[in-house]
Amino acid sequence: MLTLNKILEIPCRLPKWKIHGFLRGFTFHSGKQSLHKLVLGIETSCDDTAAAVVDEAGNILGEALHSQTEVHLKTGGIIPSVAQRLHRENIEQIVKETLSASGITPKELSAIATTVKPGLALSLGVGLEYSLQLVKQYKKPFIPIHHMEAHALTIRITNKVEFPFLVLLVSGGHCLLAVVQGVSDFLLLGKSLDIAPGDLLDKVARRLSLVKHPTYSTMSGGKAIEHLAKQGNRLHFDFRHPLHYCRNCDFSFAGLQSAVDRIITQKEKEEGIEKGQILSCAADIAAAVQHTVASHIAKRTHRAILFCQQRGFLTPSNAILVASGGVASNLYIRRTLEIITKATNCILLCPPLKFCTDNGIMIAWNGIERLYAGLGILHNVDGVRYEPNLVLIQTSF
């Protein structure tokens with residue numbers, strides 16, 4: 001940053017947020033200018049093959065995505081070997097479409113950023129292998145990306161959010177609360193002790209056989225539950241809230257899954273239908289499950305907000321909660337979070353819906369953030385590996 005200060009003749013006494021804001025609005029049109037950053041982001045952590053080119057101002061120059069949802073709906077869940085095959089079949093075309101749409105050639109890129117952790121091992125391997133080929137062919141720096149870090153920082157593409165802020169990451173594979181103190185500086189406050197909320201919603205949708213319903217047959221499990229719940233009465237079923245007596249910020253959804261499965265089995269017997277047929281009370285079950293999930297997430301997040309306010313992580317002038325990840329696109333959950341942020345004088349910020357699910361844009365942007373911070377930029381990629389089970393590292397209080 002000192003070098004940039006000298007180049008741009010910015011007095012060092014300016015706050016970091018002003019310098020950062022100045023840089024994001026500073027656009028060059030000549031390829032010779034060293035400050036014009038262009039990053040290709042590649043994402044293959046689970047079941048979407050995605051890529052994007054983003055510049056330092058947050059402009060999305062080109063993007064492409066191939067979704068595997070329809071295939072995995074037919075198999076009743078994600079089969080890692082199938083996901084791997086589909087990534088291999090589509091990744092080259094997705095990157096070509098992205099570069100073509102952006103009007104950028106690989107030689108003009110400042111770096112290539114790729115998700116290497118966490119995720120499905122077989123899926124991560126495809127993205128990493130392809131990216132390293134590009135890196136070696138065009139002699140570009142490589143930036144390994146932490147998938148959850150990318151989700152956490154996505155909000156900074158559309159909003160001028162300064163550090164620190166509280167982030168809630170909720171998806172099909174993760175659920176955590178953390179204080180984001182810097183580009184790669186996270187203080188973990190709580191995480192799921194078992195399964196993720198998105199995983200729970202998908203399993204409930206499969207147990208309710210919603211894929212057999214014409215209206216929901218092409219939707220992901222979580223989206224199907226959200227739409228079906230609008231027709232149901234959440235009060236018809238009363239599921240116990242997880243970790244009710246635990247005074248921390250951790251989450252748990254496995255017990256709720258077991259309770260739902262028992263109720264569905266009971267109702268199937270009462271209605272005299274076989275497993276796989278759709279219950280008459282399916283909408284009520286969906287509404288009750290969604291409400292319990294939303295309430296559990298809101299209660300743990302409320303506790304995290306109070307903790308951050310007491311410890312000074314969230315000040316009155318910068319009390320921001322960012323909710324990101326695929327489950328954060330659920331509007332019912334968003335409305336529940338709005339209730340607690342209003343009660344605690346916080347601002348709730350959510351990325352646009354298309355940014356909440358896995359995408360190449362957030363990976364490319366994380367690459368931009370790391371370029372400016374000078375973090376994790378590799379010019380030698382020997383020994384680079386993917387890490388499927390890694391979580392955010394907790395710093396000490």
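Asker: How should unusual backbone geometry be read in this particular structure?
Answerer: Most peptide bonds are trans, and most residues other than glycine sit at a negative phi. Along the chain, Lys117 connects to Pro118 via a cis peptide bond; the corresponding omega equals -25 degrees. Structurally, Pro118 can be placed in the loop between strand S4 (111–117) and helix H5 (121–138). Cis rather than trans, the peptide bond between Phe163 and Pro164 has omega equal to -5 degrees. For Pro164, the location among the structural elements is in the loop between helix H7 (155–158) and strand S6 (165–170).

Asker: Explain the packing of aromatic side chains to me, please; I cannot follow it from the model alone.
Answerer: Describing an aromatic ring pair means giving the distance of the ring centres and the angle of the ring planes. According to the stated counting rule, one finds 4 aromatic pairs in the structure shown. Both rings, one in Phe237 and one in Phe239, keep their centres 6.4 Å apart while their planes meet at 10 degrees; by these two values the pair is stacked. Each member of the pair Phe237 and Phe239 is classed as buried.

Asker: Help me understand the sheet that holds strand S5 (residues 142–146), please; the structure alone is not making it clear to me.
Answerer: Taken together, 5 strands build an open sheet; the order of strands is S3-S2-S1-S4-S5 and the sheet is mixed. Two strands close off the open sheet at either side, each with one partner strand: strand S3 (60–67) and S5. Taking the axes of each pair of neighbouring strands and ignoring which way they run, one obtains an average angle of 20 degrees across the sheet. As defined by bridge partners, strand S1 (residues 38–43) adjoins S4 across 4 bridges and the pair is classed as parallel. Bridging from a neighbouring strand, Leu40 pairs with Ile112 of S4.

Asker: Explain the packing of helix H10 (residues 254–271) against helix H11 (residues 282–311) to me, please; I cannot follow it from the model alone.
Answerer: In a pair of packed helices, the angle between the axes and the distance between the axes together describe the arrangement. For the pair H10 and H11, the least separation of the axes is 12 Å and the interaxial angle reads 165 degrees. As the angle between them shows, H10 and H11 are arranged roughly antiparallel. Crossing angle aside, the handedness with which H10 passes H11 is right-handed. Contacts between H10 and H11 involve Leu256, Val260, Ile263 and Ile264 from the former and Ile285, Val289, Thr292 and Val293 from the latter. Classifying every residue of the contact of H10 with H11 by side-chain character gives 7 nonpolar, 1 polar and no charged.

Asker: So what exactly am I meant to see when it comes to the nonpolar core here?
Answerer: One recurring pattern in soluble globular proteins is that nonpolar side chains are buried together. In this structure, Leu166, Leu208, Phe239, Ile285, Val293 and Ile297 are the most contacted members of the largest nonpolar core, which totals 60 residues. For this core, the leading source of residues is H11, giving 14 residues. Among all residues touching Val293, those that are not within four sequence positions of it are Pro197, Leu200, Leu201, Phe253, Leu256 and Ile333.

Asker: Help me understand helix H4 (residues 80–102) in this model?
Answerer: Taking 1.5 Å as the rise per residue, H4 with 23 residues should run 33 Å; its terminal C-alpha atoms sit 31 Å apart, in good agreement. When the local axis directions of H4 are compared, the greatest deviation, roughly 40 degrees, occurs at Asn90. Among all positions in H4, only Val82, Ala83, Gln84, Leu86, His87, Asn90, Ile91, Ile94, Val95, Thr98, Leu99 and Ser102 are buried. Where H4 is buried, its residues touch S1, strand S2 (48–55), S3, helix H3 (69–75) and H5. Looking one or two residues beyond H4, the residue adopting positive phi is Gly103, at roughly 75 degrees.

Asker: Explain the sheet that holds strand S9 (residues 320–324) here, please?
Answerer: Sheet strands pair via backbone hydrogen bonds, and the direction of the pair is either parallel or antiparallel. What the 5 strands build is an open sheet, ordered S8-S7-S6-S9-S10; its pairing is mixed. The strands lining the two open edges of the sheet, one partner per strand, are strand S8 (185–191) and strand S10 (347–349). Here the average twist between neighbouring strands, direction ignored, is 25 degrees. Across 6 bridges, strand S7 (residues 175–182) lies against S8 in antiparallel orientation. Bridging across to S8, Val180 finds its partner in Phe186. Against the sheet, H11 contacts S6, S7, S8 and S9, and its axis sits at roughly 160 degrees relative to S6.

Scoring rules and cut-offs
- Residues numbered from 1 in each chain as written.
- Predicted model: local features only at pLDDT ≥ 70, side-chain atom pairs only at ≥ 80, totals over all residues.
- Heavy atoms only, no water.
- Helix = DSSP H or I, 4+ residues; strand = E, 2+ residues; numbered from the N terminus.
- Phe/Tyr/Trp six-rings, centres within 6.5 Å; stacked < 30°, edge-to-face > 60°.
- Buried < 20%, exposed > 50% of the residue type's maximum accessible area, 1.4 Å probe, protein only.
- Pairing = 2+ DSSP bridges.
- Axes fitted to C-alpha atoms, helices over the stretch in contact; angles between N-to-C directions.
- Parallel < 35°, antiparallel > 145°, perpendicular 65-115°, else oblique.
- Left-handed = near helix turned anticlockwise from the far one by under 90°.
- Contact = heavy atoms within 4.5 Å.
- Nonpolar A, V, L, I, M, F, W, Y, C, P; charged D, E, K, R; others polar.
- Core = buried A, V, L, I, M, F, W, Y, C linked by side-chain atoms within 4.5 Å.
- Expected span 1.5 Å × (residues − 1).
- Bend = angle between axes of the 7 residues up to and from the residue.

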